[in-house]
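Listed here are the chains, written in short residue letters.
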Amino acid sequence: MLKVYHAPNTRSIRVLWLLEELGTPYEKETVEFDPKYLQSDAYLAINPLGKLPAINDNGLMLNESGAIVQYILAKHAGSHLEPKLGTPVYGKYLQWLHFAEATFMPPVSLIIQHTFRKPPEERVASVVTDAQAALKKVLTLLDKELATKPFICGNEFTAADIMLGYDLFLCNLIRVPLAEYANISAYFDRLSSRPGFQKASGK
Ligand SMILES: N[C@@H](CCC(=O)N[C@@H](CS)C(=O)NCC(=O)O)C(=O)O
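Numbers given for residues are sequential positions, taken from 1 along each chain in its written order. Only residues with pLDDT of at least 70 are given local features in this predicted model, and only at 80 or more are side-chain atom pairs given and counted; all residues enter the totals for whole chains, interfaces and linings. Computation of side-chain values: all heavy atoms of the structure, hydrogens and water removed.

Asker: What should I look at first to understand the site of the ligand in this one?
Answerer: Around the ligand sit Thr 10, Arg 11, Phe 33, Lys 51, Leu 52, Pro 53, Asn 63, Glu 64, Ser 65, Glu 101 and Tyr 166, and those are all the residues in its vicinity. Between Ser 65 and the ligand, the recorded distance is 2.7 Å, taken from a side-chain N or O atom to an oxygen atom. Surface accessibility follows the Shrake-Rupley procedure with a 1.4 Å probe radius. Residue values consider only the protein chains on display as shielding. With the chains in place, 80% of the 510 Å² that the ligand exposes on its own is no longer accessible. Per-class residue counts for the shell around the ligand are four nonpolar, three polar and four charged. Throughout, the term near means that a residue has one or more heavy atoms lying within 4 Å of the molecule or strand in question. As used in this structure description, the phrase polar contact means that two N or O atoms lie within 3.5 Å; if the pair is within protein, one of them must be able to donate a hydrogen and the other to accept it, and residues adjacent in sequence are counted only when both atoms belong to side chains. Three classes are used: nonpolar for Ala, Val, Leu, Ile, Met, Phe, Trp, Tyr, Cys and Pro, charged for Asp, Glu, Lys and Arg, and polar for all others, with Gly counted as polar.

Asker: Honestly, the domain arrangement of the protein in this entry has me stumped. Any pointers?
Answerer: When the parts come together, some accessible area is lost, and that loss is often what is quoted as the size of the interface. Taken as a whole, the protein is organised into domain 1 (3-75) and domain 2 (88-194). Note on definitions: a residue-residue contact is assigned when non-hydrogen atoms from the two residues lie within 4.5 Å. Taken together, the 15 residues of domain 1 in the interface contact 22 residues of domain 2. The term buried area means the drop in 1.4 Å probe accessible area that two parts suffer when joined, counted for both and summed. Summed over both partners, the interface of domain 1 with domain 2 comes to about 1,500 Å²; 62% of that surface belongs to carbon and sulfur atoms. By the criterion of area lost to domain 2, the three top residues of domain 1 are Arg 11, Arg 14 and Trp 17, representing 43% of everything that side buries. The term salt bridge refers to a side-chain nitrogen of Lys or Arg lying within 4 Å of a carboxyl oxygen of Asp or Glu. There are four salt bridges connecting domain 1 and domain 2. Close ionic contact of Glu 21 with Arg 194 constitutes a salt bridge, the shortest N to O distance being 2.8 Å. For the interface between domain 1 and domain 2, the tally reads eight residue pairs in polar contact (both at pLDDT 80 or more). Numbering of helices and strands runs from the N terminus, with a helix taken as a DSSP run of H or I at least four residues long and a strand as a DSSP run of E at least two residues long. Those elements that provide at least two residues to the side of domain 1 that touches domain 2 are helix 1 (12-22) and helix 4 (65-75). A class-by-class count of the residues in the side of domain 1 that touches domain 2 yields six nonpolar, five polar and four charged. Where each domain starts and ends comes from a domain assignment, either automatic or drawn from a database.

This is the structure in structure tokens:
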């Protein structure tokens, strides 16, 4: 059975949420989100980068959340969580799926690092200012996209919403003022009321 290594509030929420939406059985191992454990030989044997998430699917180890999401979906080809291959919306779906980690997350991670994680003497205020400006562009774009549709690909909830939903969960956690973006706020309410999200995020 597919095993997911998880820690609360981390990107492993994306994987658990996807599995919950698919209704597929899985095993969850909750690990300590502590550098000592993540850099231990025991955990580095699971993920050589010492990060979360990681999965073990019958000996196949993967550790990049977007790739894990695509891998699991490929095993559930034709599921309700992806638009049909070959349709124009499929291209948009892939773009949003990857936008979540490749474009949305970097400024969020920089804000977290330089506001909470690094020791105060290593925090750089201008990094935070620049990251906030980059994040504002991302949120403005997303808010505009969501003006006319309930989910990022239209009327149907897809795995791209799972990828983006985690980003918004994290924004909320670090008090990014999402209330300034009416469409995003309504979207996040829709996403976070789903039982799969609530189970995955421990809410
Ligand atoms: N691009 C990777 C990022 C993984 C990542 O940075 N995970 C964070 C938790 S959300 C982590 O484990 N951080 C621990 C560290 O960097 O020491 C993914 O999407 O899986």
